[in-house]
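# Fold and geometry: a report
Chain residues, written in single-letter form:
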Amino acid sequence: MKTIRIGSGAGYAGDRIEPAIELMEKGNLDYIIFECLAERTVAIGQKDKQANPTLGYNQRLRERMKKILPLVKKHHVTVVTNMGAANPESAVREICSLAEELGITGLKIACVTGDDLSDRLSKYAENEVLENGKKLKEMKDVLISANVYMGAEGIVEALEQNADLVITGRVSDPALTIGPLVHEFGWTLEKNPNQMGQAVLAGHLLECAGQVTGGYYEDPGYKEVPDLDRLGFPLLEVCQDGSFVVTKVEGSGGLVSVDTCKEQTIYEIHNPKAYMTPDAIADFSNVCYEEIGKNRVRASGAVTHGRPHTLKTTIGYKDCF
């Protein structure tokens, strides 16, 4: 059965690069995701872009890419990342410029756009803002930006065009993983609802990097995790039937166990029976984790119940000081 190996190289905007390098060098990966975008970091990107229209991407983009571009070339690992933040087009131009400086050629870099709705907000003037109950039209004088959480479609299209690096703006966190799996296995929500549930679960476990390898689980004196000072990041071995194993590079710090996986499963999902993502409404209520070896946990049981009729959008506006 075909198996794809996907690693997580970052779980937030300022995450360490060393575990990503370790994964790319030793993990025998097909893909690595860098999840570096949150609501706060979208706002930071928008402020940077306001000050300089060529900026707005992740502030550590160049620093990270300088380390990983040679590894992409050497180990043929495909990168999928939302480091494009508020300006994915400029992010791609910056990466191309850096590749030229490093003498790296032959890489195809794709840009996924479409999340910026700032020029279309008048269409949603009557929509209610969840945070304060106001209609959007009541805030029109203070609005700065609007980014919709997109699904994996653009990522899949980029991979179908043989991209070596896929740079996105605001997509859902699991979409970074769903894209490669849909591309590799041809899953659709209509034909493969169970596999798509597993794809959402896989993306959710990977999205925060070191959280599932013990960084989120550690509670000194109660729940111990070894070698946190060199915490390794996770990788998944995903099979064509949707089952997968959570693990990490041998010798790296941290821990992969049933409990570390359970804690990450219920992180930021609201309803375990209806975790809303653009690609699918996932149901984690029957997920089962089985320890099959040291730092190896098999995951199964996630399913889906269709997809949402609407998408979430983050609106940036001027407020306070």
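Scoring rules and cut-offs
Residues numbered from 1 in each chain as written. Predicted model: local features only at pLDDT ≥ 70, side-chain atom pairs only at ≥ 80, totals over all residues. Heavy atoms only, no water. Salt bridge = Lys/Arg side-chain N within 4 Å of Asp/Glu carboxyl O. Helix = DSSP H or I, 4+ residues; strand = E, 2+ residues; numbered from the N terminus. Buried < 20%, exposed > 50% of the residue type's maximum accessible area, 1.4 Å probe, protein only. Phe/Tyr/Trp six-rings, centres within 6.5 Å; stacked < 30°, edge-to-face > 60°. Lys NZ or Arg CZ within 6 Å of the ring centre and 35° of its normal. Disulfide = S-S within 2.5 Å. Pairing = 2+ DSSP bridges. Core = buried A, V, L, I, M, F, W, Y, C linked by side-chain atoms within 4.5 Å. Contact = heavy atoms within 4.5 Å.

## A few points about the pattern of salt bridges
A complete count under the given rule lists 14 salt bridges for this structure. With a shortest N-O distance of 2.8 Å, Lys 2 and Glu 184 are connected by a salt bridge. Linking Lys 2 in the segment before strand S1 (3–10) with Glu 184 in helix H6 (residues 175–185), this pair joins segments that are 182 residues apart in sequence. Since its relative accessible area comes to 36%, Lys 2 is described here as partly exposed. For Glu 184, a relative accessible area of 23% gives the class partly exposed. Two residues, Glu 101 and Arg 62, come together in a salt bridge whose shortest N-O distance is 2.5 Å.

## Some thoughts on the packing of aromatic side chains
For the structure on display, the rule yields 3 aromatic pairs. Taking 5.8 Å as the distance between ring centres and 55 degrees as the angle between the ring planes, the aromatic pair formed by Tyr 275 and Phe 284 counts as tilted. No difference in accessibility class separates Tyr 275 from Phe 284, as the two residues are buried. A cation over an aromatic ring shows up here: Lys 312 above the ring of Tyr 149, its NZ or CZ 4.4 Å from the ring centre.

## A few points about the state of the cysteines
Taken as a whole and judged by the stated rule, the model has 0 disulfides. Cys 208 provides the cysteine sulfur closest to Cys 36, a residue in no disulfide bond, and the two sulfurs are 11 Å apart. Here Cys 36 falls in the buried class, since its relative accessible area comes to 3%. The closest cysteine sulfur to the non-disulfide-bonded Cys 261 is located on Cys 288, 11 Å from its own sulfur. The class for Cys 261 is buried, based on a relative accessible area of 0%.

## With respect to the sheet that holds strand S10 (residues 281–283)
Paired through backbone hydrogen bonds, the strands of a sheet run either parallel or antiparallel to each other. Taken together, 3 strands build an open sheet; the order of strands is S9-S10-S13 and the sheet is antiparallel. Each edge of the open sheet is held by one strand with a lone partner, namely strand S9 (275–276) and strand S13 (303–304). Sheet topology places S10 next to S13; 2 bridges connect them, and they run antiparallel. If you follow Ala 282 over to S13, its bridge partner there is Thr 304.

## As for the nonpolar core
The nonpolar side chains of soluble globular proteins are, as a tendency, buried together. Counting 56 residues, the largest nonpolar core has Ile 155, Val 166, Leu 181, Leu 201, Phe 244, Phe 284 and Tyr 289 as the members making the most contacts within it. Take this core: its biggest share by element is 7 residues, from helix H7 (residues 193–206). Discounting chain neighbours no more than four positions away, the residues touching Leu 201 are Phe 244, Thr 265, Phe 284, Val 287, Tyr 289, Ala 299 and Ala 302. Of all hydrophobic cores here, the second largest spans 33 residues; its members include Val 72, Val 77, Met 83 and Phe 233.

## Brief notes about the pairing of S1
Burial analysis of S1 places 6 of its 8 residues in the buried class, the great majority of the element. Here S1 pairs with strand S7 (residues 234–239) via 5 bridges, running antiparallel. What sits directly across from Arg 5, in S7, is Glu 237. Bridge count between S1 and strand S2 (residues 31–34): 4 bridges; the pairing is parallel. When the bridges of S2 are listed, Ser 8 appears paired with Ile 33.

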